[in-house]
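The residues making up each chain are set out below.
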Amino acid sequence: MSTRTNLPSWQKLEALANERGAISAQFREDPHRADNFCSAACGIRLDYSKTAINAAVREQLLTLAEDCKLASMMQAMRHGDKINSSEQRAVLHIALRDRQGNFAADYGSGIYSQVQEQLANLARISEAVRNGQWRGHTGKSIRQVVNIGIGGSDLGPRMVCDALRDYNRGGPKAYFASNVDETHLPTILQGLNPEETLFSISSKTFTTQETMCNARLARAWLMAHYQDDSAIAAHCIAVTSNVEAATEFGIDAANLLSFWEWVGGRFSLWSTIGFPIAAALGYERFCELLDGAHDMDQHFFSAEWAENLPILLALAGIWHNNFCGYHTLGVIPYNDALSLLPMYLQQLDMESNGKSIDRDGLAVDYATGPVLWGQNGSNGQHAFFQSLHQGTQVVPLEIVFALHRETNNPQQHRILLANLFAQSNAFMAGQPAAEGEPYTEYPGDKPNIVVALDELTPRRLGALVALYEHKIFVQGVVWNINSFDQWGVQLGKRLANEIGTDFSNPPANLDPGTLALIAWVDHQLTK
Ligand code: F6P
């Protein structure tokens, strides 16, 4: 038996889960439930009243977190201990948004000054691009920034630029090319003028196959236009922690933004990887995003656990996954601007906590990270909500929304919100079948957590993302896994390299099914 399932708090939670009643009954038992199971901080209201968590469950969940040594792991993170043990690295994304150095006494003033130096570089380049000082090879100013990167070097900046699109007032438009599919980048480049385009080649390692392929394509596109090697420097910057590889690729040293190995790829949007954000929205807006994340960091490290948003959200997820047996998580943003949030969280959560070997090298005997998926409301209502209401799987939902303060159409915003309220109620309360029509029954009792932002500003978005980062960290601590490595992505990378591009001669050690597939493709492509 593992170090987790034999904890008394774990076992008590199992008993509490077995005897739990319907969620709606909890509201009858506690008339103040709506307030008692809701906390707010940093402009974010976390409402977990529509779950089966009652006072006894919450208490045991908090005890479980204590038993799993959450407090010392939080301190270890803050002090820059190498909590990414398999890679022997500190995990210090909190330092990236600590602009006033509030935590610097813990993680070190050396790190603080390195971060401020890179922020100054980010400000210098992004502002030059925005104010027209940065000129293309023929003297034109930059009208579009094309980010070439994948995973953490793509999803964060892409999600933020999309969520805060209303803040782009006259800045360059940001595009994101990630897929190695040879059509992705060319589709983006169609209609763009190379003389007004700046590529940001973003890769922590500067070895990622997809990014390197697209970077070569970008260079070829520029060369096809200019037929002059010296044009490249005016149209390419690199963002990386592997400065050597970027220089070797031909990036001018003055056009290099760097960051550090202690910034995990999926936690890197706060670093110079955020260049497209600063270029499109402005460095000031980028700083507001950092400040919002720091607001949440301060809350996380100082608030009582029973009021602590990341800890509560994490524990609610543990309750659903480990004790109620609900192993997926649907994230449903009720804002079009937050449409990319589920995709972003998919990497953040599943690459962090999709692990089955614990920190002691033992196989876990409990569920870890859920399968996270989602799409924005109200679109989802007309697609997969049928299954969520009446299917056989229970999928806990996290419904995320932000109020529109300035809108030309407040009535339509209210219609969207009315749909959100309706769904949150319907999932939990359900509805009995009409006489003789069993198919009209909504069983209800489907947990949903509502994460509400009082407005969608850079600061609030920063806080929201940091809320999720810390949630995932807390869950990793409870599951005793290392949330900061990603060994599960290596095998596929190695095999793809071994297979290469000559399909007539694949490695013999592949399985017969894959060999047959390759042979069919080779025949189709060469006949
Ligand atoms: O393959 C997974 C991964 O390593 C992610 O963790 C990372 O965000 C992504 O690839 C991109 O890596 P890089 O920034 O080094 O190109």
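Higher on the page you've got the structure.
Here is a short report on the structure shown in this document. Values in this document were obtained by computation on a predicted structure and should not be read as measured data.

What to know about the overall build of the chain
Along the chain, the regular secondary structure elements total 21 helices and eleven strands. Here the C-alpha atoms of the chain give a radius of gyration of 24 Å, agreeing with the 24 Å that 2.2 N^0.38 yields for 527 residues. Across its three principal axes, the chain shows a C-alpha extent of roughly 75 × 60 × 50 Å. With 527 residues in all, the chain has 54% of them scored as buried.

What about the pairing of strand β6 (residues 236-240)?
The buried fraction of β6 is high, at five of five residues. Side chains Cys236, Ala238 and Thr240 project from β6 onto one buried face, and the interleaved Ile237 and Val239 project onto a second face that is buried too. Of the pairings in the sheet, the one linking strand β5 (residues 197-202) to β6 comprises four bridges and is parallel in character. Residue pairing across strands places Phe199 opposite Cys236, the latter belonging to β6. Note that the unit made of β5, helix α11 (residues 209-226) and β6 has a crossover that is right-handed. As judged from the three bridges shared by β6 and strand β7 (residues 256-258), these two strands associate in the parallel manner. From the neighbouring strand, Ala238 faces β7, where its bridge partner is Leu256.

A short note on the nonpolar core
If you look at the biggest cluster of nonpolar residues, it comprises 129 residues, and the most contacted ones within it are Trp262, Phe275, Trp319, Val451, Leu461 and Leu464. Of all the elements, helix α19 (residues 458-478) adds the most residues to this core, at twelve residues. Setting aside residues no more than four positions away along its own chain, Leu464 makes contact with Ile44, Leu341, Val400, Val451 and Leu453. Grouped together as the second largest cluster of nonpolar side chains are 23 residues, Leu189, Met212, Ala238 and Ile251 included.

Some points on the site of the ligand
Contacts to the ligand come from 14 residues, most closely from Gly152, Ser153, Ser203, Thr205 and Thr208. In the model, an oxygen atom of the ligand is placed 2.6 Å from a nitrogen or oxygen of the Ser153 side chain. At 2.6 Å, a side-chain N or O of Ser203 approaches an oxygen atom of the ligand. Looking at side-chain class alone, the shell around the ligand contains two nonpolar, nine polar and three charged residues.

Comments concerning the sheet that holds β6
By definition, the strands of a sheet pair up through backbone hydrogen bonds, in either a parallel or an antiparallel sense. One open sheet holds the five strands; their spatial order is β4-β3-β5-β6-β7, and the pairing between them is parallel. A single partner strand is all that each edge strand has here, and the edge strands are β4 (173-177) and β7. Averaged over all pairs of adjacent strands, the angle between their axes in this sheet comes to 20°, without regard to strand direction. Against the sheet, helix α8 (residues 109-131) touches β3 (144-148), β5 and β7, its axis set at about 145° to β7. Set on the sheet, α11 makes contact with β3, β4, β5 and β6; between it and β5 the angle comes to about 160°.

Thoughts on helix α16 (residues 341-353)
For α16, which comprises 13 residues, the first-to-last C-alpha distance of 17 Å matches the rise-based estimate of 18 Å (1.5 Å per residue) to within 8%. All buried positions along α16 are accounted for by Leu341, Pro342, Tyr344, Leu345, Gln347, Leu348, Asp349, Ser352 and Asn353. Check the buried side of α16 and you find it contacts α9 (155-163), β8 (328-333), β9 (371-373), β10 (397-402) and α19.

Details of the pattern of salt bridges
Scanning the model with the defined rule gives 19 salt bridges in all. Two residues, Glu284 and Arg285, come together in a salt bridge whose shortest N-O distance is 4.0 Å. Using a relative accessible area of 58% as the deciding quantity, one classes Glu284 as exposed. Between Lys355 and Asp485 there is a salt bridge, with the nearest N and O atoms lying 2.9 Å from each other. Placement of Lys355 in the loop between α16 and β9 and of Asp485 in the loop between α19 and α20 (490-499) is noted, with a sequence separation of 130 residues between them. Taking the relative accessible area as the measure of exposure, Lys355 reaches 14% and is therefore buried.

Digging into the pairing of strand β2 (residues 44-47)
Two strands pair when backbone bridges link them, and strand β1 (residues 38-41) and β2 are joined in this way by four bridges, in the antiparallel orientation. The residue bridging Ala40 from the neighbouring strand is Arg45, located in β2. If you look at the hairpin formed by β1 and β2, you'll find two residues sitting between the two strands, and Cys42 has a positive phi there, around 55°. In the sheet, β2 pairs with strand β11 (residues 448-453) via four bridges, with the strands oriented antiparallel. Bridge pairing links Ile44 to Leu453 in β11.

Notes on unusual backbone geometry
Residue Gly377 is joined to Ser378 through a cis peptide bond whose omega torsion reads 5°. You can see Ser378 is positioned in the loop between β9 and α17 (385-390). Phi angles above zero are rare outside glycine, and Gln88 is one such case at about 50°. Along the chain, Gln88 falls in the loop between α5 (70-78) and α6 (93-96). We classify Gln88 as partly exposed; its relative accessible area is 47%. The phi angle at Asp445 is positive, at roughly 60°, despite the residue not being glycine. Mapped onto the elements of the fold, Asp445 is located in the loop between α18 (410-429) and β11. By relative accessible area, which is 31% here, Asp445 ends up partly exposed.

Basis of the calculations
- Residues numbered from 1 in each chain as written.
- Predicted model: local features only at pLDDT ≥ 70, side-chain atom pairs only at ≥ 80, totals over all residues.
- Heavy atoms only, no water.
- Helix = DSSP H or I, 4+ residues; strand = E, 2+ residues; numbered from the N terminus.
- Rg over C-alpha atoms; globule rule 2.2 N^0.38 Å.
- Buried < 20%, exposed > 50% of the residue type's maximum accessible area, 1.4 Å probe, protein only.
- Pairing = 2+ DSSP bridges.
- Right-handed = clockwise from strand over helix to strand, strands pointing away.
- Core = buried A, V, L, I, M, F, W, Y, C linked by side-chain atoms within 4.5 Å.
- Contact = heavy atoms within 4.5 Å.
- Near = heavy atom within 4 Å.
- Polar contact = N/O pair within 3.5 Å; in protein donor to acceptor, adjacent residues only side chain to side chain.
- Nonpolar A, V, L, I, M, F, W, Y, C, P; charged D, E, K, R; others polar.
- Axes fitted to C-alpha atoms, helices over the stretch in contact; angles between N-to-C directions.
- Expected span 1.5 Å × (residues − 1).
- Salt bridge = Lys/Arg side-chain N within 4 Å of Asp/Glu carboxyl O.

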